[in-house]
Amino acid sequence: MLGGRAERVRATRGAARAYIPAVAVGALWCVLPALRTGAGTPWVTVALLTGLYLVCELPGRCPFFGSSVPIRAGSFFPLLLAAAFLLPPAAAALVAVPGSLVGRVEQPPATARRVWRAAQLTVTVWAASSVHGLLGGTATLGGSGRLPDLPYAILPACAAALAFSLVLTALDGSILVAAERLPLRRAWSGLLPRSLGAHLVHGLAGLMMAVLWRGPHGPLSALIVLLPMYISCWVFAQYHREHAAHRATIRALVQAVDIKDTYTRGHSERVGRASVLIARELGMDPDRLEVVRFAGILHDVGKLGVPTRVLRKDGPLTPEERQVIELHPEYGHEIVRGIGFLGEARAAILHHHERLDGSGYPYGLSGREIPEFARVVAVADAFDAMTSTRSYRRGRPVPAALEELKRCAGTQFDPQMVRALVRGLERHGWSAVTTAVTADEPGIPGPRSESGKAVPGRPRPSGGLDRVPPPQPPADGLGAVPGPQSAADRRG
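What counts and how
- Residues numbered from 1 in each chain as written.
- Predicted model: local features only at pLDDT ≥ 70, side-chain atom pairs only at ≥ 80, totals over all residues.
- Heavy atoms only, no water.
- Helix = DSSP H or I, 4+ residues; strand = E, 2+ residues; numbered from the N terminus.
- Areas by Shrake-Rupley, 256 points an atom, 1.4 Å probe, with all protein chains shown as cover.
- Core = buried A, V, L, I, M, F, W, Y, C linked by side-chain atoms within 4.5 Å.
- Buried < 20%, exposed > 50% of the residue type's maximum accessible area, 1.4 Å probe, protein only.
- UniProt positions renumbered as here; feature names shortened; annotations may be inferred.
- Expected span 1.5 Å × (residues − 1).
- Patch = residues over 30% accessible without salt bridge, like charges linked within 9 Å, V, L, I, M, F, W, Y side chains within 5 Å.
- Salt bridge = Lys/Arg side-chain N within 4 Å of Asp/Glu carboxyl O.
- Arc of directions from axis to C-beta.
- Axes fitted to C-alpha atoms, helices over the stretch in contact; angles between N-to-C directions.
- Parallel < 35°, antiparallel > 145°, perpendicular 65-115°, else oblique.
- Left-handed = near helix turned anticlockwise from the far one by under 90°.
- Contact = heavy atoms within 4.5 Å.
- Nonpolar A, V, L, I, M, F, W, Y, C, P; charged D, E, K, R; others polar.
- Polar contact = N/O pair within 3.5 Å; in protein donor to acceptor, adjacent residues only side chain to side chain.
- pLDDT = per-residue confidence, 0-100.
- Phe/Tyr/Trp six-rings, centres within 6.5 Å; stacked < 30°, edge-to-face > 60°.

A. Structural view of the overall build of the protein chain. For the protein chain, the helix and strand inventory stands at 18 helices and 0 strands. By element, 62% of the accessible surface of the protein chain is carried by carbon and sulfur atoms, the whole surface being about 23500 Å².

The structure is reproduced here in structure tokens:
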């Protein structure tokens with residue numbers, strides 16, 4: 001078996017090693033006409049555009065800048081498309097070569113990746129320039145006292161950008177087939193729809209740059225487009241880097257909870273999804289949707305402050321242990337107090353066990369005193385607790401859980417949030433499968449038998465709030481218990 005796997009790895013590497021030189025040969029064929037004597041290549045324009053592209057790529061390799069600059073080639077596609085509009089195909093293809101060869105590479109093998117990127121972009125720019133020329137795009141740019149032919153110039157520019165996107169995504173998919181042996185359909189799935197819109201915008205920006213380049217102020221005026229674009233790319237890259245850091249923070253916290261309380265593994269992510277389902281039905285803004293998801297995912301982060309022996313206790317909790325468990329919202333609020341991007345999520349973490357009638361904890365808030373996000377998370381939390389299978393009971397069907405939520409609406413839960421959940425489930429349904437930042441990621445240990453082997457499908461008992469068995473027989477078919485706490489409130 002291992003030998004077969006090794007053979008597949010060698011075959012994969014061999015295919016990639018053969019494919020990259022083949023594309024490089026194709027790239028060489030694209031640029032050769034510009035290198036022939038008497039080709040009339042406008043070397044000054046080629047040199048200026050090549051130098052600009054090189055300057056855009058070099059900061060990514062400078063230790064002074066570190067990772068604070070946009071290093072992906074996609075940040076500078078408008079410049080390459082401007083070259084495709086201004087130059088003949090062979091000359092335009094040359095512009096991409098030096099910058100691609102010296103640009104920053106994140107993963108080894110660096111040399112092979114640089115050669116591939118240079119060959120890929122060379123072929124792509126050549127194709128875009130060829131389409132632009134076939135549609136007479138060069139004549140629409142103006143120059144030599146002529147005004148640009150607008151809006152017709154937009155048509156060949158967009159066609160060239162479309163060709164650019166098609167060739168680039170085709171080559172991206174083909175290297176995945178060669179290097180990773182992915183099926184063709186999977187390798188190309190979604191590549192073009194994700195990139196086409198951005199490439200069309202890059203094409204329009206490249207057209208602006210080309211028109212200014214041909215205008216009375218010459219190449220210097222093109223910096224009016226390039227410099228703001230480079231700054232916006234840097235800001236965009238910073239935003240994505242910050243967003244990735246946020247997700248990493250959330251992932252680390254939830255993984256820590258899942259490791260400590262393996263029994264409720266996946267619960268946090270499902271509560272996050274249910275919270276977003278409710279928030280969408282309430283018409284919350286997109287920015288708030290992400291925060292309410294964070295609130296749902298992190299609602300139990302305070303379990304990190306609860307002793308493990310209490311969380312994993314097999315029997316009923318004593319009143320003293322129950323009091324310890326009920327401190328977890330305050331522990332959670334203290335843990336996330338300094339994480340600024342969580343915003344309203346911090347209040348939800350603190351108050352998601354408050355009840356509308358004022359009998360909840362930690363502060364006994366009632367009605368509208370309870371923050372909106374906390375009322376959303378309370379319903380999502382109870383719903384997942386009731387529909388999830390536990391060691392001491394099977395999960396309830398979704399309709400039965402919703403009936404229990406409706407029964408408790410107005411006393412324990414906000415009726416508006418319950419109705420929103422019902423509407424959301426009617427529209428979208430519900431799946432207990434978790435696939436995002438929490439439960440099923442590598443590195444989180446699952447339940448184990450006494451021999452230490454993993455036991456699929458058999459969760460390990462724990463003593464969290466959603467684990468406590470009812471102290472007396474259920475009073476109705478849904479398992480509700482008379483008194484201040486319903487079955488929906490026995491959750492974690």
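B. Spotlight on the nonpolar core. Ranked by size, the top nonpolar core spans 49 residues in total, and within it I278, L298, L342, V379, L405, F413 and L421 carry the most contacts. Listed by contribution, the elements that provide at least two residues to this core are helix 9 (219-260), helix 10 (267-281), helix 11 (286-297), helix 15 (345-351), helix 16 (372-387), helix 17 (398-408) and helix 18 (415-428). Considering each element in turn, this core owes the most residues, 10 residues, to helix 16. Counting 41 residues, the second-largest nonpolar core is a separate cluster that includes L49, M209, W213 and A222.

C. How the structure looks around the UniProt feature "transmembrane region" (unreviewed entry) in the protein chain. In the numbering used here, UniProt assigns the feature "transmembrane region" (unreviewed entry) to residues 18-35, 76-97, 118-141, 153-179, 191-213 and 219-237. With 86% helix and 0% strand, the stretch residues 76-97 has end C-alpha atoms that lie 13 Å from each other. Taken end to end, residues 191-213 is 100% helix and 0% strand, and its first and last C-alpha atoms sit 32 Å apart.

D. Summary view of helix 6 (residues 154-180). Look at helix 6: 38 Å from first C-alpha to last across 27 residues, which is about the 39 Å you get at 1.5 Å a residue. A positive backbone phi angle near 55 degrees is found at R181, which sits one or two residues after helix 6.

E. Region of the structure containing a nonpolar patch on the surface. A contiguous nonpolar surface patch, about 390 Å² in accessible area, is contributed by L28, L32, L35 and W43. With 3 residues, helix 1 (residues 2-35) is the single largest residue contributor to the nonpolar patch. Mapped onto the fold, W43 is located in helix 2 (residues 43-57).

F. Spatial organisation of helix 14 (residues 328-336). For helix 14, the full list of buried residues reads H328, P329, G332, H333 and V336. The arc that holds the buried residues of helix 14, viewed along the axis, is 140 degrees, so those residues lie on one side.

G. Expanded view of the pattern of salt bridges. Using the criterion set out here, one finds 13 salt bridges in the structure. We note a salt bridge from E326 to R322, for which the minimum N-O separation is 3.5 Å. Overall, the relative accessible area of 24% leaves E326 in the partly exposed class. What makes R322 buried here is its relative accessible area of 16%.

H. Spatial organisation of the environment of S189. Counting through the fold element by element, S189 comes out in the loop between helix 7 (184-188) and helix 8 (191-214). The exposure class assigned to S189 is partly exposed, which follows from its relative accessible area of 48%. As a C-alpha pair, S189 and T169 span 20 residues in sequence and 10.0 Å in three-dimensional space.

I. Just the packing of helix 3 (residues 77-86) against helix 4 (residues 89-102), in detail. Relative to each other, helix 3 and helix 4 sit at 155 degrees, their axes nearing to 7 Å. Here helix 3 is positioned roughly antiparallel relative to helix 4, judged by the angle of their axes. Crossing handedness for the pair helix 3 and helix 4: right-handed. Along the contact surface, helix 3 presents L80, A83 and A84, while helix 4 presents A92, V95 and A96. Among the residues forming the contact of helix 3 with helix 4, the class breakdown is 6 nonpolar, no polar and no charged.

J. A look at the side chain of R375. Note on placement: R375 falls in helix 16. Judged by its relative accessible area of 8%, R375 falls in the buried class. Among the polar contacts made by the side chain of R375, one reaches the side chain of D414 at a distance of 2.6 Å. Those residues in contact with R375 that sit more than four places away from it in its chain are L356, G367, R368, I370, D414 and M417.

K. Structural view of the confidence of the model for the protein chain. The pLDDT averaged across the protein chain works out to 78; a share of 79% of its residues lies at or above 70. For the stretch residues 63-74, pLDDT sits under 50, and the model shows 30 contacts to residues farther than four places along the chain or on other chains.

L. Fine view of unusual backbone geometry. For the bond from L150 to P151, the omega torsion is 10 degrees, close enough to zero to count as cis. Structurally, P151 is set in the loop between helix 5 (110-134) and helix 6. A cis amide bond links Y361 with the next residue in sequence, P362, at an omega value of 15 degrees. By the secondary structure assignment, P362 is in the loop between helix 15 and helix 16.

M. Representation of the packing of aromatic side chains within the structure. Under the definition given, this model contains 5 aromatic pairs. Consider the rings of Y19 and W116, whose centres lie 5.7 Å apart with planes at 40 degrees: the pair is tilted. Of this pair, Y19 sits in helix 1 while W116 is found in helix 5, placing the two residues 97 residues apart along the sequence. When its relative accessible area of 22% is taken as the criterion, Y19 is described as partly exposed. Where F294 meets F341, the ring centres are 5.7 Å apart and the plane angle is 75 degrees; that geometry is what we call edge-to-face. Here the residue F294 occupies a position in helix 11, and F341 occupies one in the loop between helix 14 and helix 15, the gap between them amounting to 47 residues. For F294, a relative accessible area of 4% puts it in the buried group. With a relative accessible area of 22%, F341 lands in the partly exposed category.

N. Here's a closer look at the environment of T122. Locating T122 in the fold gives a position in helix 5. Overall, T122 belongs to the buried group, its relative accessible area being 2%. C-alpha of T122 to C-alpha of C30: the two residues are 92 residues apart in sequence and 7.6 Å apart in space. If we ignore the near neighbours within four places in the chain, the residues touching T122 are A27, V31, A93, A96 and V97.

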